[in-house]
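A closer look at the structure
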Amino acid sequence: MKPLFFTILITLITLPTIAQKAEGNGKLSGTIIESGTRTPIEFATVVLIDMGTGNTVDGTVADNKGKFSLNKIPDGRYKISISFIGFDKFEREVEITPSRSNIDLGTITLGFSETELGEVTVEGRRALIEERVDRTIYNAENDDTARGGDATDVLQRVPLVSVDFEGNVSLRGSSNIMVLINNKPSTIMAGSVADALRQIPAEEIKSVEVITSPSAKYDAEGSAGIINIITKKNTLEGATLSINSSAGYRGSNLGLNGSLRRGKLGLSLGGWGRAGYNVEGAFSNNQTTISPLGDELRNTQSTDTRNNNLFGNYNFGFDYDFNEKNSLLGGVRFGARNGRSWQDGLLTQTFLNDQIVNRSLREVNTVDNSGTVDVNLTYTKLFDKPQQELSILTLFSRNNRNNDFINRLMDEDDASVINRQKNENESFNQEITVQIDYQTPIGNKQMIETGVKQIIRNVESDFQFLLGQGAEGPFMPLGDETLSNVLNYNQDVSAAYFSYTYNTMKAYSFKAGARYEYTTINANFQGDETIEVPNYGVLVPSINISRKLENGNTLKAAYNRRIQRPSIMFLNPNLQASNPLNVTIGNPTLDPEFTNNYELGYSMFIKNTSLTLSAFARNTNNAIQSVRDVLGQDTVRTTFRNIGSEDAYGLSAFASINVGKLLLSGGTDFYYARLSNNDPNPEFDAFNDGFVISGRLFGSYDLGKDWAFQLFSFFRGNQIQLQGFRGGFGIYSLSLNKRFANKRGSIGVGAENFIYTPFRINSGLKTPTISQNTTIELYNMNFKVNFSYRIGKMNFDQRPRRRKSINNDDLKSGGSFGGMDGGQAEMSQQGGVGGMPAMAAGGGKAAPIGPKEGAEDAPLAEIAGIWDFTVEGGGPGATGGEIRFDSSEGAYTGTIKSQLMGSTLDLANIKVVGNYLYFTYTVNFGGNEVVISVEATVEGAAFTGNMNIGTFRTLPIKAVLRVE
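Please read these numbers as outputs of a predicted model, since none were measured by experiment.

**Describing the overall build of the protein chain**
Looking only at helices and strands, one finds five helices and 54 strands in the protein chain. Looking at the protein chain residue by residue over its 964 residues, the buried ones come to 56%. A separation of at least 24 residues holds for 66% of the contacts in the protein chain among residues at least 6 apart in sequence.

The structure is reproduced here in structure tokens:
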């Protein structure tokens with residue numbers, strides 16, 4: 001998403017500030033498209049000029065569909081001027097009269113400008129947090145505090161999302177979510193979302209979309225919503241090679257990525273690896289159980305823990321344009337994990353009536369290895385009608401996992417091995433997906449989307465429980481089928497959807513749709529023992545409504561119904577018994593759960609501050625909940641059942657404020673949870689409720705000369721569970737970064753949780769037969785050094801390529817300049833706006849035209865001091881700033897600070913000849929530059945002149961000397 005910020009910059013300084021505009025009954029409207037591809041031009045500037053006075057009387061920008069509307073225009077003769085960077089300007093005279101007050105200009109085509117543009121590209125830097133009508137977007141590429149980490153570190157920074165110390169992700173308190181990568185599912189998420197996220201490097205994540213109200217186009221799965229991780233893509237012309245690395249006390253990583261594009265073909269190849277080490281901690285457990293025979297036993301456990309992990313992620317991608325209307329996109333992604341953990345000296349003591357009756361000492365070694373491959377191919381067909389397209393997506397995804405443990409019972413006197421228990425669990429999860437999507441507009445305000453999808457899932461779990469005597473004796477499998485068996489689980493999901501969108505020219509956006517999914521399940525154990533799981537169908541409606549208020553704020557409301565199918569972690573009947581007093585076993589007979597979601601949101605902008613508020617309600621029936629009972633004498637067994645209901649009612653708030661060089665962003669999520677099951681068995685019957693709160697705070701400070709300081713902190717309170725609670729925690733980090741020239745790379749240092757105290761989480765469990773308190777400690781202090789650098793060069797092609805993969809952005813709102821927000825422009829993956837590539841700006845050095853005749857004979861101007869400047873025709877809140885000139889030994893230096901940019905930039909090439917003034921400065925957008933030059937005539941304590949923005953545009957500028 002390259003030129004968004006620069007486009008808005010040009011728009012702001014082009015549109016006029018209108019203090020008191022005369023109002024009438026006239027209206028002008030139209031739709032702006034490209035002459036070649038017939039695609040809408042988003043953010044095209046529309047200006048209305050009075051033919052009599054030559055003054056600008058009104059203006060706006062086109063929305064994401066290229067539409068614009070000017071209202072309340074007085075009667076008179078006007079010239080309407082429409083322009084956008086890289087296109088020819090359109091101008092037409094119009095006359096508003098009482099008999100012709102509503103003029104529709106129809107479809108307006110803009111051809112490409114033949115002006116040669118230079119080599120420097122312009123890249124927009126988006127806000128850290130963006131609010132759309134149906135989602136919250138966290139732009140990870142703008143946050144350096146997660147550098148050297150993985151997707152887990154990134155998600156900890158995302159509003160509404162919570163990630164615990166084990167990497168488990170929840171959205172508004174619910175872990176029943178769908179996680180997508182580039183709008184596509186992956187089997188890497190089916191086995192364990194936490195493990196999958198550790199395989200995605202933070203440096204490769206462009207943004208994270210939290211979709212709390214998915215439309216019918218999305219799969220119905222994910223009770224709380226969808227988290228869509230967008231990785232960085234490079235489809236420009238040229239070749240680049242980049243390196244990202246980090247070395248720290250507890251972890252290091254190394255990544256290499258290359259890309260090449262020539263003509264119609266683009267290729268990318270990359271690899272990333274991360275090692276985690278020195279992750280030490282402790283575990284303690286105190287539990288009391290009442291056995292089925294009525295005996296009450298108290299057990300205590302304590303041990304030291306260690307973890308080592310190695311993660312890898314490798315990908316190859318290509319895209320090919322057959323022509324401007326047909327394209328093919330494909331890729332292969334490999335993910336790998338090698339995880340090992342140890343419990344050293346797990347001491348267990350059993351008490352009966354406060355008298356110790358048993359002691360045992362164990363060592364436990366757990367191995368968790370997995371490998372994933374995703375292969376995708378997408379064909380996109382575009383039509384002559386703008387926004388009409390057909391997409392066909394195919395995906396093959398497979399995850400192989402090996403999750404084993406060895407539990408050694410030790411002699412306390414000589415530490416010899418008495419016996420060993422071993423569990424082997426090899427499993428795979430495979431998916432084949434075919435999806436066809438079609439969309440077509442109806443007129444200027446409506447859109448129809450429809451499609452079908454087929455998912456074929458195959459899951460297999462081969463598990464064995466074995467025993468071995470002594471330290472060297474052979475392992476012998478147990479004959480019990482509940483401990484050694486093979487589960488085959490086949491699931492087919494057939495889906496179809498229909499969605500209708502209606503956007504008014506001014507304020508409202510409405511989208512409604514429905515999706516029907518039918519699920520067929522065949523499951524059995526080895527030996528053809530069939531598991532009875534019924535087939536089922538579900539209709540999933542969704543409604544999204546937004547209104548843009550006159551003050552520019554946005555109000556939105558949504559309802560949707562969701563389904564949550566049990567994943568392999570809930571279904572797998574393998575007995576996880578690395579700790580013999582706390583075991584877990586899945587339930588392959590689980591049914592899906594169903595959720596109704598309601599949401600109301602409000603976004604506002606007050607000067608340099610943005611604030612987003614939302615309220616939500618979530619009601620889940622047939623909920624999949626973990627339940628505990630006593631197995632044998634004193635073992636706590638955890639399994640899963642469809643026995644409950646879960647309700648959550650909450651509020652979320654997020655604010656961002658920009659004060660000079662300081663940017664602060666933060667928010668909080670607060671909700672009330674109510675869980676119940678009404679089970680007739682008193683051992684399982686439970687009810688629990690309470691409040692859960694979490695929050696996060698970002699901060700960044702521009703130290704100047706490409707140095708920046710950043711901080712991040714996150715906390716989450718206790719989480720309510722059906723039979724207890726899971727303890728809260730907090731994390732924090734600081735980083736200092738220096739960017740190299742032209743932002744080709746950076747080097748920095750960071751500190752995480754640097755106060756050397758253990759990261760401690762206390763959890764509790766209470767049932768009629770179990771009382772348990774558990775404490776987990778983790779020493780996660782970390783210091784790291786980050787380094788990244790990019791070599792090579794990419795240029796944007798002068799002609800657009802409308803290359804698209806399946807795009808799940810479901811609701812876009814239009815409106816005039818006064819109500820413009822991030823939701824109005826959905827950027828193309830090529831780095832352009834509305835299908836147009838980011839333009840190559842006239843970089844290099846701007847040469848002054850030179851002083852006008854007679855300027856050299858004028859008295860030499862004195863410019864030292866602070867000047868308050870404005871750009872004539874500048875938009876609201878972005879009309880100027882201050883320029884500072886300092887004089888030393890006959891030479892001038894200076895800086896400029898605009899109200900829009902917020903940062904201070906150095907001036908260059910300052911030249912004073914008589915009363916002629918010339919200077920330049922360079923604006924850097926995401927690693928690319930554009931040179932802006934100013935020529936002016938100084939008259940005492942004021943100057944007037946022109947601002948030349950690269951080779952794009954010339955605008956009037958004036959300034960007055962500030963009186964201190």
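Once the structure has been displayed, the description carries forward.
**Section: the sheet that holds strand E4 (residues 67-73)**
Spatial ordering of the open sheet is given by E4-E1-E7, a layout of three strands whose pairing is mixed. Only two strands of the sheet have a single partner each, and these edge strands are E4 and strand E7 (102-110). Between one strand and the next, the sheet's axes are offset by a mean angle of 15 degrees, whatever the strand orientation. Inspection of the sheet shows strand E1 (residues 26-34) paired to E7 by seven bridges, in the parallel sense. By the bridge assignment for E7, Ser29 is matched with Asp104.

**Brief notes about the packing of aromatic side chains**
Scanning all chains against the criterion turns up 13 aromatic pairs. Ring centres 5.4 Å apart and planes at 15 degrees place the aromatic pair Phe670 and Phe691 in the stacked group. Here the residue Phe670 occupies a position in strand E36 (residues 662-676), and Phe691 occupies one in strand E37 (residues 687-704), the gap between them amounting to 21 residues. Where Phe714 meets Phe729, the ring centres are 5.9 Å apart and the plane angle is 50 degrees; that geometry is what we call tilted. Of this pair, Phe714 sits in strand E38 (residues 707-716) while Phe729 sits in strand E41 (residues 729-739), and the two are 15 residues apart along the sequence. Both residues of the pair, Phe714 and Phe729, belong to the buried class. One aromatic cluster is present, built from ring pairs that chain together Phe654, Phe698 and Phe712. Above the ring of Phe383, the side-chain terminus of Lys381 is found at 5.8 Å from the ring centroid. One cation-aromatic arrangement involves Lys422 over Phe475; the distance from NZ or CZ to the ring centre is 5.1 Å.

**Description of the sheet that holds strand E3 (residues 56-61)**
Reading across from one edge, E3-E2-E5-E6 is the order of the four strands in this open sheet, with antiparallel pairing throughout. The sheet is open, and its two edges are formed by E3 and strand E6 (90-96), each paired on a single side. Each strand axis lies, on average, 20 degrees off the axis of its neighbour in the sheet, ignoring direction. Here strand E5 (residues 76-83) pairs with E6 via seven bridges, running antiparallel. Bridge pairing links Arg77 to Glu95 in E6.

**Re the environment of Arg962**
With respect to the secondary-structure elements, Arg962 resides in the segment after strand E54 (953-961). Arg962 sits in the partly exposed class, given a relative accessible area of 30%. The sequence separation of Arg962 and Glu882 amounts to 80 residues, and the corresponding C-alpha distance is 9.2 Å. Apart from residues no more than four positions distant in its own chain, Arg962 is found in contact with Ile866, Trp867, Asp868 and Glu882. Of note is the side chain of Arg962, whose polar atom sits 2.7 Å from the side chain of Asp868. Among the polar contacts made by the side chain of Arg962, one reaches the side chain of Glu882 at a distance of 2.8 Å.

**With respect to the pattern of salt bridges**
For the structure shown, the criterion picks out 20 salt bridges. Of the charged contacts in the structure, one is a salt bridge between Glu449 and Lys217, with a shortest N-O distance of 3.8 Å. On the criterion of sequence distance, the pair formed by Glu449 in strand E24 (residues 446-469) and Lys217 in the loop between strand E14 (205-211) and strand E15 (226-231) is long-range, its members being 232 residues apart. An identical accessibility class is assigned to Glu449 and Lys217; each is buried. In this structure, a network of salt bridges that share partners links the residues Asp219, Lys453, Arg515, Glu517 and Arg565.

**Remarks on the side chain of Lys453**
Take Lys453: it is sitting in strand E24. Here Gln435 takes part through its side chain, which lies 3.4 Å from a polar atom of the side chain of Lys453. Non-local contacts of Lys453, meaning those with residues more than four positions away in its chain, are made with Asp219, Thr433, Val434, Gln435, Val493, Ser494, Ala495 and Arg515.

**Digging into the pairing of strand E19 (residues 296-323)**
The two faces of the sheet receive side chains in turn, since in a regular strand these alternate between them. Relative to E19, strand E18 (residues 265-290) runs antiparallel, the two being bridged by 24 bridges. Across the sheet, the residue bridging to Leu265 is Tyr320, located in E19. Between E18 and E19, which pair antiparallel in sequence order, lie five residues; one of them, Gly294, sits at a positive phi of approximately 95 degrees. Bridge count between E19 and strand E20 (residues 326-352): 24 bridges; the pairing is antiparallel. Bridge assignment links Tyr320 to a residue of E20, and that residue is Leu328. Joining the antiparallel neighbours E19 and E20 is a turn of two residues.

**With respect to the nonpolar core**
In terms of nonpolar packing, the biggest core is built from 32 residues, with Leu155, Val161, Val169, Ile205, Val208 and Ile227 touching the most fellow members. Not counting residues within four places of it along the chain, the set of residues in contact with Val169 comprises Leu155, Val161, Ser162, Val163, Ser174, Ser175, Ile177, Val193, Leu197 and Ile227. In terms of nonpolar packing, the next biggest core, distinct from the first, is built from 25 residues, Ile883, Ala936, Val938 and Ile957 among them.

**Quick look at unusual backbone geometry**
One non-glycine residue, Ala415, adopts positive backbone phi at about 60 degrees. If you trace the backbone, Ala415 turns up in the loop between strand E22 (389-410) and strand E23 (417-442). For Asn622, which is not glycine, the phi torsion reads 60 degrees and is therefore positive. Inspection of the secondary structure puts Asn622 in strand E34 (residues 609-631).

**What to know about the environment of Gln625**
Relative to the assigned elements, Gln625 resides in strand E34. When the C-alpha positions of Gln625 and Ile643 are compared, they lie 7.1 Å apart, and in sequence the two are 18 residues distant.

**Details of the environment of Pro214**
By the element assignment, Pro214 lies in the loop between E14 and E15. In this structure Pro214 comes out as buried when scored by relative accessible area, which is 1%. Through-space distance from the C-alpha of Pro214 to that of Arg562 is 9.1 Å; in sequence the pair is 348 residues apart.

**What about the confidence of the model for the protein chain?**
Per-residue confidence for the protein chain gives a mean pLDDT of 78, with 80% of residues at or over 70. A low-confidence stretch, residues 114-126 (pLDDT under 50), is modelled with 60 contacts involving residues beyond four sequence positions or located in other chains.

**Regarding the side chain of Gln435**
Residue placement: Gln435 occurs in strand E23. Among the polar contacts listed, one links the side chain of Gln435 to the side chain of Asp437, at a separation of 2.6 Å.

Definitions and limits used
- Residues numbered from 1 in each chain as written.
- Predicted model: local features only at pLDDT ≥ 70, side-chain atom pairs only at ≥ 80, totals over all residues.
- Heavy atoms only, no water.
- Helix = DSSP H or I, 4+ residues; strand = E, 2+ residues; numbered from the N terminus.
- Buried < 20%, exposed > 50% of the residue type's maximum accessible area, 1.4 Å probe, protein only.
- Contact = heavy atoms within 4.5 Å.
- Pairing = 2+ DSSP bridges.
- Axes fitted to C-alpha atoms, helices over the stretch in contact; angles between N-to-C directions.
- Phe/Tyr/Trp six-rings, centres within 6.5 Å; stacked < 30°, edge-to-face > 60°.
- Lys NZ or Arg CZ within 6 Å of the ring centre and 35° of its normal.
- Polar contact = N/O pair within 3.5 Å; in protein donor to acceptor, adjacent residues only side chain to side chain.
- Salt bridge = Lys/Arg side-chain N within 4 Å of Asp/Glu carboxyl O.
- Core = buried A, V, L, I, M, F, W, Y, C linked by side-chain atoms within 4.5 Å.
- pLDDT = per-residue confidence, 0-100.

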